[in-house]
Amino acid sequence: MPRSVNVVAARHRRKKVMKMAKGYFGRRKNVWTVAKNAVEKGLQYAYRDRKAKKRDFRALWIQRINAGAREHGLSYSALMGGLKKANIDLNRKVLADLAMNHPEAFKSIVDKVK
């Protein structure tokens, strides 16, 4: 008796992976084994970098706040400590946006901290 294989499911699975490999260069886009490995690696990078993105943005916000604070004669840590003491609850994302796009509003916050 011939062996029964579920070709429909296998083809669906392969088509799904090959669709994800669209836009890749060379054999990565049209050879099943190469494309499967490339897509798996890409998904690993995507998972890792969703976490890293949060760290990267936090670091960027801190740099922007520090630059804005130093324009007014304060360091980043002094500014953040002063905000905590003054019970001003603004997160780093908002502070970075104020420092970049609304310097007068940021200056008023720094003045309250001083």
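Before reading on, note that the structure itself is shown above.
We now turn to the structure provided with this report. Note that the structure is predicted; figures quoted are calculated from it, not measured. (Residues numbered from 1 in each chain as written. Predicted model: local features only at pLDDT ≥ 70, side-chain atom pairs only at ≥ 80, totals over all residues. Heavy atoms only, no water.)

**A word on the overall build of the protein**
For the protein, the helix and strand inventory stands at 5 helices and 0 strands. Overall, the protein shows an N-to-C arrangement of helices and strands of α-α-α-α-α. For 114 residues, the compact-globule estimate of 2.2 N^0.38 gives 13 Å, and the C-alpha radius of gyration of the protein, at 25 Å, exceeds that figure by more than 25%. For the protein, the C-alpha atoms occupy an extent of roughly 85 × 30 × 20 Å along the three principal directions. Sorting the 114 residues of the protein into buried and exposed places 22% on the buried side. Contacts in the protein between residues far apart in sequence, at least 24 positions, make up 42% of those at least 6 positions apart. In the form shown here, the protein has an accessible surface area of approximately 8900 Å², with 55% of it arising from carbon and sulfur atoms. Considering the protein, the positive charge centre built from 29 side chains and the negative charge centre built from 8 side chains are found 17 Å apart. (Helix = DSSP H or I, 4+ residues; strand = E, 2+ residues; numbered from the N terminus. Rg over C-alpha atoms; globule rule 2.2 N^0.38 Å. Buried < 20%, exposed > 50% of the residue type's maximum accessible area, 1.4 Å probe, protein only. Contact = heavy atoms within 4.5 Å. Areas by Shrake-Rupley, 256 points an atom, 1.4 Å probe, with all protein chains shown as cover. Lys, Arg positive; Asp, Glu negative; His and termini not counted. Charge placed at Lys NZ, Arg CZ, Asp CG, Glu CD.)

**Remarks on a positive patch on the surface**
On the surface, R11, R13, R14, K15, K16, K19 and K22 cluster together to form a positively charged patch. Secondary-structure assignment places K15 in helix α1 (residues 7-20). (Patch = residues over 30% accessible without salt bridge, like charges linked within 9 Å, V, L, I, M, F, W, Y side chains within 5 Å. Salt bridge = Lys/Arg side-chain N within 4 Å of Asp/Glu carboxyl O.)

**A word on the nonpolar core**
Membership of the largest hydrophobic core comes to 15 residues, with the highest contact counts inside it found for I65, L74, L79, L83, L95 and F106. Within the residue set of this core, elements represented by two or more residues are α2 (32-71), α3 (76-85), α4 (92-101) and α5 (103-113). If sequence neighbours within four positions are ignored, L95 has contacts with I65, M80, L83, L90, F106 and I109. (Core = buried A, V, L, I, M, F, W, Y, C linked by side-chain atoms within 4.5 Å.)

**What to know about α5**
The periodicity of an α-helix, 3.6 residues per turn, causes residues three or four positions apart to be oriented the same way. Inspection of α5 places F106, I109, V110 and V113 among the buried residues, and these make up the whole buried set. Down the axis of α5, the buried side of the element spans an arc of 100°, and every buried residue falls inside it. Those residues of α5 that are exposed and angled more than 90 degrees off the buried face are E104 and K112. (Arc of directions from axis to C-beta.)

Read these as spatial facts, not as claims about activity.
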